[in-house]
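# A look at the structure
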Amino acid sequence: MLNKVKEYIAKHHLLSLNKHYIVALSGGGDSVCLLLVMHRLGYHIEAAHCNFHLRQDESNRDEAFVINLCKQLNIELHLIHFDTETYAKTHKISIEMAARELRYNYFEQLRRDICFDGICVAHHQDDSVETILLNLIRGTGVHGLTGIKPRNGNILRPLLCVSKSDITKWLNEQHQDYVTDSTNLQTDAVRNKIRLKIMPLLREINPSVENSIMNTAQHLEEVASLYDNTVGHTLDKLISDNSLDIQALLQEPAAKSIVFEWLKPYHFSSAIIEQIFDSISSLQAGKEWHSDSHQLAVHQNRLVLEQKQAPLPTFRIPEQGNYIYDNDHKIKIELYKGKCIYKNIETACLDKSKIIFPLVIRPIQAGDRFQPFGMKGTKLVSDYLTDCHLSIFEKRRSLVLCDANGQILWLVNHRPDARFCVNDITQETLVFSFFNTKK
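Here's a quick rundown of the structure.

Analysis parameters
- Residues numbered from 1 in each chain as written.
- Predicted model: local features only at pLDDT ≥ 70, side-chain atom pairs only at ≥ 80, totals over all residues.
- Heavy atoms only, no water.
- Salt bridge = Lys/Arg side-chain N within 4 Å of Asp/Glu carboxyl O.
- Buried < 20%, exposed > 50% of the residue type's maximum accessible area, 1.4 Å probe, protein only.
- Helix = DSSP H or I, 4+ residues; strand = E, 2+ residues; numbered from the N terminus.
- Core = buried A, V, L, I, M, F, W, Y, C linked by side-chain atoms within 4.5 Å.
- Contact = heavy atoms within 4.5 Å.
- Pairing = 2+ DSSP bridges.
- Axes fitted to C-alpha atoms, helices over the stretch in contact; angles between N-to-C directions.
- 1 Å grid on protein atoms, 1.4 Å probe; cavity = no way out; pocket = protein on both sides within 12 Å on 5 of 7 lines; lining within 4 Å.
- Points joined across faces, edges and corners; volume = space filled by probe spheres on them.
- Nonpolar A, V, L, I, M, F, W, Y, C, P; charged D, E, K, R; others polar.
- Lys, Arg positive; Asp, Glu negative; His and termini not counted.
- Polar contact = N/O pair within 3.5 Å; in protein donor to acceptor, adjacent residues only side chain to side chain.
- Expected span 1.5 Å × (residues − 1).

## Observations concerning the pattern of salt bridges
For the structure shown, the criterion picks out 22 salt bridges. Linking Arg55 and Asp62 is a salt bridge whose minimum nitrogen-to-oxygen distance equals 2.5 Å. Here Asp62 falls in the buried class, since its relative accessible area comes to 5%. Among the salt bridges present, the one from Glu130 reaches Arg195, with a minimum N-O distance of 3.0 Å. Of this pair, Glu130 sits in helix H6 (residues 125-138) while Arg195 sits in helix H8 (residues 190-205), and the two are 65 residues apart along the sequence. Residue classification places Glu130 among the buried positions, given a relative accessible area of 4%. On the basis of relative accessibility, which here comes to 26%, the residue Arg195 falls in the partly exposed class. Through salt bridges with shared partners, a single ionic network connects Arg55, Glu58, Arg61 and Asp62.

## Concerning the nonpolar core
Membership of the largest hydrophobic core comes to 38 residues, with the highest contact counts inside it found for Leu15, Leu35 and Met38. Of all elements in the fold, only helix H1 (2-12), strand E1 (20-24), helix H2 (29-40), strand E2 (44-51), helix H3 (57-73) and helix H7 (164-173) reach the threshold of two or more residues within this core. Of all the elements, H2 adds the most residues to this core, at seven residues. Dropping the residues within four chain positions of it, Met38 is found in contact with Leu15, Tyr21, Val23, Tyr43, Ile45 and Cys120. Within the second largest apolar cluster, 22 residues are counted, among which are Leu238, Ile246, Ala255 and Leu296.

## Section: the sheet that holds strand E11 (residues 302-307)
On the basis of which strands lie adjacent, the open sheet formed by five strands has the order E7-E8-E11-E10-E9 and antiparallel pairing. Either end of the sheet is taken by a strand with one partner, and the two such strands are strand E7 (239-240) and strand E9 (288-290). The sheet contact formed by E9 and strand E10 (residues 294-299) spans three bridges and is antiparallel. Looking across to E10, one finds that Trp289 is bridged to Leu296. Helix H11 (residues 255-263) contacts E7, strand E8 (243-245), E10 and E11 of the sheet and is inclined by roughly 15 degrees relative to E11. On top of the sheet, helix H12 (residues 270-280) reaches E9, E10 and E11; it is set at about 170 degrees to E9, its chief contact.

## Some points on the pairing of strand E15 (residues 347-351)
Where burial is concerned, most of E15 is hidden: five out of the five residues are buried. Side-chain alternation along E15 places Thr347, Cys349 and Asp351 on one buried face and Ala348 and Leu350 on a second face that is also buried. Summarising the sheet, E15 and strand E22 (residues 428-436) pair through five bridges and their orientation is antiparallel. Its bridge partner lying in E22, Asp351 is registered against Thr429.

## So, the layout of surface pockets
Considering only enclosed or pocket space, the second largest pocket measures out at about 720 Å³ in volume. Lining the second largest pocket are 24 residues, with Leu312, His329, Arg397, Phe434 and Asn436 sitting closest to its centre. Each residue belonging to the lining of the second largest pocket can be placed in one class, and the counts come to eleven nonpolar, seven polar and six charged.

## Looking at the side chain of Glu46
Relative to the helices and strands, Glu46 resides in strand E2. An unpaired buried charge is present at Glu46: no salt bridge exists, and Arg111, the closest side chain of opposite charge, is 13 Å distant. Side-chain polar atoms of Glu46 contact the side chain of His78, separated by 2.6 Å. The contacts of Glu46, once residues within four sequence positions are left out, are Tyr21, Ile22, Val23, Ile75, Glu76, His78, Ile114 and Phe116.

## Quick look at the environment of Gly321
Structurally, Gly321 can be placed in strand E13 (residues 321-324). With a relative accessible area of 22%, Gly321 lands in the partly exposed category. Residues Gly321 and Leu335, spaced 14 residues apart in sequence, show a C-alpha to C-alpha distance of 9.1 Å. When neighbours within four sequence positions are excluded, Gly321 is seen to be in contact with Ile331, Lys332 and Ile333.

## Notes on H6
For an α-helix, 3.6 residues make a turn, and residues three or four places apart therefore share a direction. With 14 residues, H6 extends 20 Å between its outermost C-alpha atoms, agreeing within 8% with the 20 Å of an ideal straight helix rising 1.5 Å per residue. The buried count for H6 comes to ten of 14 residues, which makes it a mostly enclosed element. Inspection of H6 places Gln125, Asp126, Asp127, Ser128, Val129, Glu130, Thr131, Ile132, Leu133 and Leu134 among the buried residues, and these make up the whole buried set. At its buried positions, H6 is contacted by H7, H8 and helix H9 (209-238).

## Thoughts on the sheet that holds strand E16 (residues 359-363)
Overall, antiparallel pairing links the five strands, which are arranged E12-E16-E19-E20-E21 in an open sheet. Each edge of the open sheet is held by one strand with a lone partner, namely strand E12 (315-317) and strand E21 (415-416). As judged from the two bridges shared by strand E20 (residues 408-411) and E21, these two strands associate in the antiparallel manner. In the strand pairing of E21, Trp410 is matched with Pro416.

This is the structure:
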């Protein structure tokens, strides 16, 4: 056991003898094995135990066990108690997810507080096999079939090279006891069903099914590396300014996979990505999709990706002066004698005698109409912006400056309304500037 884990740690460069690590200690056989192995291999460790108060007397039994074990081994122990059920209800998540969030958030905070280098958890080969089957059942890409990784940020898994039976056998040889979580013997959770029902059936077909699955996972890990390399080069070729050329995409041999890998980091679900791919060949302009954090739309034969932004506010301007519109923008209104003209899109020069305060700067609305400077007759703002080749997201960020009667004075940073612009008889000019403070 010790040699096998030591070789695995060295192979994956997981741990260093001159660094310090937290061992997640539940009291179960896996975590007890991890604690003992790391202790005997000479690593600098402290243990951390979470009492989730989900199993009544069992939870307190587990806590008492780990306290006693750490005293025997002279290992520092950190304890924390959680009201897991309340947390789950408050955040509207399952008990399993609540326990996971609480556990890992606590471990990471503890690691920072005591300035340790990593958090060691006791996932083993059987856990990796179960994860592969779970991903296969739920539907996954190639990465979901490669199993649990030895390192995930600050989370380290030194026992992935050994099986559950290896752990149990070794603990028995060491005459080391441990506690058993009774919920692991219930078949309500999907992972437990895989462990207690599916795996025994697979072992009837192939007694060494775990090894076979892990060997396949190792092969797929190499395939995944080739896949990542190819997809990465393709995305570099297709993507410009966070948009992707649809026609060029459809010429690629694995177009759907390319879309999947592009959008997956932005929290688009597999189902939504399927919808996107099935729709893009029609090139319906303005079609859009949303994840929790991002939005995607078709624009000029491209898929345009943007982070979601809060709706733009409506802002009242009582008189000339300087105003903060939002965190990123300011509007400045200055008065000049006579006719004054600045030729840049961030500035509008309007005849003061034609302006009725208070003014309002707001997002564009359906039906907004103005007379763009240099044109005869009025035009819908939406049509004007379409002629400017703006995407649907850029249109939503467009603003208009209106007077007290609701008339549009300026399509901000595009065109002023010709009816309010300065002319040869202008006596006073109001110069409006709207600019990004972070540029």
